Protein chains: 2
Amino acid sequence: MPAADFQLLIVGGGPAGLTAGLYAARARLNVVLLEKGVPGGQVMNTDWVDNYPGFPEGISGFDLAEKMAAQAQRFDLTTRHCEVKSMDLSGPVKKIFLEGGETLTGLAVILATGARPNQLGVPGEKELTGKGVSYCATCDGPFYRGLEIAVVGGGDTAIQEAVHLTKFASKVTVIHRRDELRAAKIIQEQAFASEKIEFIWNSTVTEITGNNEVEGLGLRNTLTGERTALAVKGVFVLIGIRPNNEMLPLDQLDNDGGFIRTDKEMRTSLPGVWAAGDICSKNLRQIANAVGEGAVASIAAENYLGALK
Amino acid sequence: MPAADFQLLIVGGGPAGLTAGLYAARARLNVVLLEKGVPGGQVMNTDWVDNYPGFPEGISGFDLAEKMAAQAQRFDLTTRHCEVKSMDLSGPVKKIFLEGGETLTGLAVILATGARPNQLGVPGEKELTGKGVSYCATCDGPFYRGLEIAVVGGGDTAIQEAVHLTKFASKVTVIHRRDELRAAKIIQEQAFASEKIEFIWNSTVTEITGNNEVEGLGLRNTLTGERTALAVKGVFVLIGIRPNNEMLPLDQLDNDGGFIRTDKEMRTSLPGVWAAGDICSKNLRQIANAVGEGAVASIAAENYLGALK
C-alpha cells in the first residue's frame, strides 16, 4: 500500500462532508475533514429547516449544523480549519495543497465542497436573507401561504418553482431581464396557464426594501430605464447555482458545467475519489439527499481502502 | 389528464416513504401514504440509532420513527392503514389493489416497501434482538469495543462486515454452514489475514443464549452432528436481506433479485413509478440514504405530475 498521511481526506464540512466524516470516524478510518469556515456549510446560514426528516417542528439551520458537527466529533472525527488551494487527484496517492504551502496526502478523497446560489448583489439582499429573501422554493415555499411574492429568473428552476409557489402564494410575479424565458417549453406552458402568475419582462431588481422583513422590490426596465416598485412579502432569487469548485482539478474530473459527475455510488471518474452533496451534478440539492450521499461515499471509500494492497 | 383518486400513491411508511410523503405534502400534492403497520418501518424495531445525522447522542429507533411521522403529519400528509395485495403499474393510471377488495388509483407511485434481514429462526434470536443480536454491522459495530462477538454468514456482506468489526471487537468468530466462503476472493483474503478473525466451519447456530443480553451461542456441526457452545457478547446475523416485494408487480419492473432497479433520480423502468429506500437495488441500506432517496423520488414525481396533460 502506498504511503500517505491519511487513509481518507474529506473536503468540505456541510451535511454531506459531516455525514461522510461521521461514517468514516465510526469505521475508525484514519480520516481528516478539511473545512475553511465553520462546519455546517450553507445550512449555517439557513434560517429555518422544515424538511429535514426527524425534526417535527423544524430546526434552525444553525442548530442542525451544530448537531451534525457534534455527532461527528463524538466519534472523534478530526476536523481541520484550513483553506484548500488546489489538488492533484490523478495518482494512487491524492495530494491536497493548502494555502500556506502545506501538502496533505491521502489514499482516498471525498469531495463535498458544496455550491452557492447566485445572488443579485443589490442593496437589502444580504440583510433580508431568511427574512423574505430565499434561494430555495422547495425549502421555504410553505412559509408564504396567502401572500404575494416575486420570483427572479427565467430558467427551468425559476419557472418550475414559480409554478410550485402558486400552491402557497396568492400571487407570484416573475421578474425576468429578457422578453422571453429560457425554461423548457413544457414548463413555460404551465406557468402561462396559471392565473396566479404574472410576468414583468425586461426588468432587473435594483433593491430589496423592508425593515427586518421584505416589503417590496425596486425594479428597472432595461429597455426604457423606467424605475418602478413592487410590493411583495417575499422574493425567491432563482438565477442559478454555482459550484464551489475553485480548488478542484476540473481537468482531471468528469464534470457538468463545473458540477462533478458521479454514478449512483457517488464514484467520480477518478479511482479513489468520490463526491457528495451540492457539488455533484444532480436535480435536487437538499440536506436530506446530501447526508445520504455522504454516507454512500464514505462506505464506498471504506470498502475501497479495505481492498487496497 | 386521466382521472384517478390521487396524484401520488406512496407505498410504505419507513424513512424513505415518510420523507417522500413529507415532501409531497409540503408540495400540496393530492397524496396518500399506505402503510400496513405503524409508520417507521424497520427503524421502529431498531434499539438505538447512532448514525443518522442530526442527533449527537443518537436516538432510539422508536423516537426517530415517531418524529418522522409527526413531521409529515404536521404538513397534513394523509396516511392510510391498509395492506396492499397487488398492483398494476403498467398504464398511465396506476392501480393498487388492497386486501378486502378496494382499488386505489393514482397518476404516480413511489414504492418504498423496504426489506427485512433474513433471520436464523432459532430460540433466543427474537428476544435478544437489540440486546446483542444485530443485523447491521455499520449501525451497531461501535457498541462492541473490546468484546468478543460472532458473525453468522459466508457471503460478501458477512465477511466484509467481519473485517469491519475487527476495528471494535477483540475477537470475531465467523460461523459458516459450509467449508468455504461465498464472499469475493479479495474480501476473503482480508478476513484470512486478520489475526482477530477465527472461523468455525460446517456449523449452524441452534440457539442464542442469555438473559436480557447475549451471553453465547449454541452451535451444531453439520457433518458430525456435534453440539458446542460459544461465549460471545454479540452476534451479527448477516445471512442476506429479503425485499418486501410480495405485493409488487415484478413482471412489470426491472429488478435485481427482487430489489427494484432505479437510476440516480430513483426512476424505475416504468414511467410514473419511482422507488426509494431498502427496496432498491443498491450497496448501502441506511436511514441516511433512505431519506435522501425519498426526497429525490418525491420531487421527481412532483415534476412529472406538473408536466402531465
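These numbers were taken from a predicted model, which means no experiment stands behind them.

Draft legend 1. Structural context of the sheet that holds strand 10 (residues 133-134) of chain A. Residue and element names in this part refer to chain A. Overall, parallel pairing links the 5 strands, which are arranged 10-17-11-12-13 in an open sheet. The sheet terminates laterally at strand 10 and strand 13 (197-200), the two strands that pair on one side only. Here 4 bridges tie strand 11 (residues 148-152) to strand 17 (residues 234-237), and the two strands are oriented parallel to one another. Within strand 17, the position partnered with valine 152 by the bridge is valine 237.

Draft legend 2. Seen up close, the interface of chain A and chain B. Contacts between chain A and chain B engage 55 residues on the former and 55 residues on the latter. Between chain A and chain B lies a buried interface of about 4800 Å² when both sides are counted; carbon and sulfur atoms form 51% of it. Glutamate 302 of chain B is paired through a salt bridge with lysine 167 of chain A; the nearest N and O atoms lie 3.1 Å apart. On the surface where chain A and chain B come into contact, there are 40 residue pairs in polar contact (both at pLDDT 80 or more). Taken together, the elements giving at least two residues each to the side of chain A that touches chain B come down to helix 1 (15-26), helix 2 (61-74), helix 3 (137-140), helix 4 (156-165), helix 5 (185-193) and helix 6 (287-307) of chain A. Looking at the side of chain A that touches chain B element by element, the count peaks at 11 residues for helix 6 of chain A.

Draft legend 3. Structural detail: the confidence of the model for chain A. Chain-level statistics for chain A give a pLDDT mean of 95 and a share of 100% at 70 or above. Interface confidence in the predicted complex, given as ipTM, is 0.90; pTM for the same model is 0.91.

Draft legend 4. Quick peek at the relation of the copies chain A and chain B. By a simple turn and slide, chain A fits onto chain B: the slide is 0.0 Å along the axis, the RMSD is 0.0 Å, and the turn is 180°. What we have between these two chains is a two-fold relation. The overlap is high: 100% of the interface residues of chain A also sit at the interface in chain B, so the same surface is used on both sides.

Draft legend 5. Spatial organisation of the pairing of strand 16 (residues 227-231) of chain A. In this structure, strand 15 (residues 216-221) of chain A lies alongside strand 16 of chain A, joined through 5 bridges in antiparallel fashion. Within strand 16 of chain A, the position partnered with leucine 219 of chain A by the bridge is threonine 228 of chain A.

Draft legend 6. A look at empty space enclosed by the protein. The final tally for this structure, using the stated rule, is 4 cavities of 30 Å³ or more. The calculated volume of the largest cavity comes to roughly 360 Å³. In terms of lining, the largest cavity is formed by 28 residues, of which the most central are Lys264, Met266 and Glu293 of chain A together with Lys264 and Glu293 of chain B. Its residues assigned to classes, the lining of the largest cavity comprises 8 nonpolar, 10 polar and 10 charged.

Draft legend 7. Just the sheet that holds strand 11 (residues 148-152) of chain B, in detail. All names here are of chain B. As summarised here, the arrangement of the 5 strands in space is 10-17-11-12-13, forming an open sheet in which the pairing is parallel. Every interior strand has two partners, whereas the edge strands, strand 10 (133-134) and strand 13 (197-200), have only one. Note that strand 11 and strand 12 (residues 171-175) share 5 bridges and pair parallel. Counterpart to valine 151 in the pairing with strand 12 is valine 174. On top of the sheet, helix 4 (residues 156-165) reaches strand 11, strand 12, strand 13 and strand 17 (234-237); it is set at about 170° to strand 11, its chief contact.

Draft legend 8. Examining the packing of helix 1 of chain A against helix 6 of chain A more closely. All names here are of chain A. Contact geometry of helix 1 with helix 6 gives a least axis separation of 7 Å together with a crossing angle of 35°. At the point where helix 1 passes helix 6, the crossing takes the right-handed sense. Across the interface between the two elements, Pro15, Ala16, Thr19, Ala20, Tyr23 and Ala24 of helix 1 pack against Ile287, Ala290, Val291, Gly294, Ala295, Ser298 and Ile299 of helix 6. Its residues assigned to classes, the contact of helix 1 with helix 6 comprises 10 nonpolar, 3 polar and no charged.

Draft legend 9. Looking closely at the environment of glutamate 189 of chain A. All names here are of chain A. Position of glutamate 189 relative to the elements: it lies in helix 5. When its relative accessible area of 39% is taken as the criterion, glutamate 189 is described as partly exposed. As for glutamate 189 and isoleucine 159, which are separated by 30 residues in sequence, their C-alpha atoms are 9.9 Å apart.

Conventions and cut-offs
Residues numbered from 1 in each chain as written. Chains lettered and ligands numbered in written order. Predicted model: local features only at pLDDT ≥ 70, side-chain atom pairs only at ≥ 80, totals over all residues. Heavy atoms only, no water. Pairing = 2+ DSSP bridges. Helix = DSSP H or I, 4+ residues; strand = E, 2+ residues; numbered from the N terminus. Contact = heavy atoms within 4.5 Å. Buried area = accessible area lost by both parts, 1.4 Å probe. Salt bridge = Lys/Arg side-chain N within 4 Å of Asp/Glu carboxyl O. Polar contact = N/O pair within 3.5 Å; in protein donor to acceptor, adjacent residues only side chain to side chain. pLDDT = per-residue confidence, 0-100. Least-squares fit on C-alpha atoms with pLDDT ≥ 70 in both. 1 Å grid on protein atoms, 1.4 Å probe; cavity = no way out; pocket = protein on both sides within 12 Å on 5 of 7 lines; lining within 4 Å. Points joined across faces, edges and corners; volume = space filled by probe spheres on them. Nonpolar A, V, L, I, M, F, W, Y, C, P; charged D, E, K, R; others polar. Axes fitted to C-alpha atoms, helices over the stretch in contact; angles between N-to-C directions. Left-handed = near helix turned anticlockwise from the far one by under 90°. Buried < 20%, exposed > 50% of the residue type's maximum accessible area, 1.4 Å probe, protein only.

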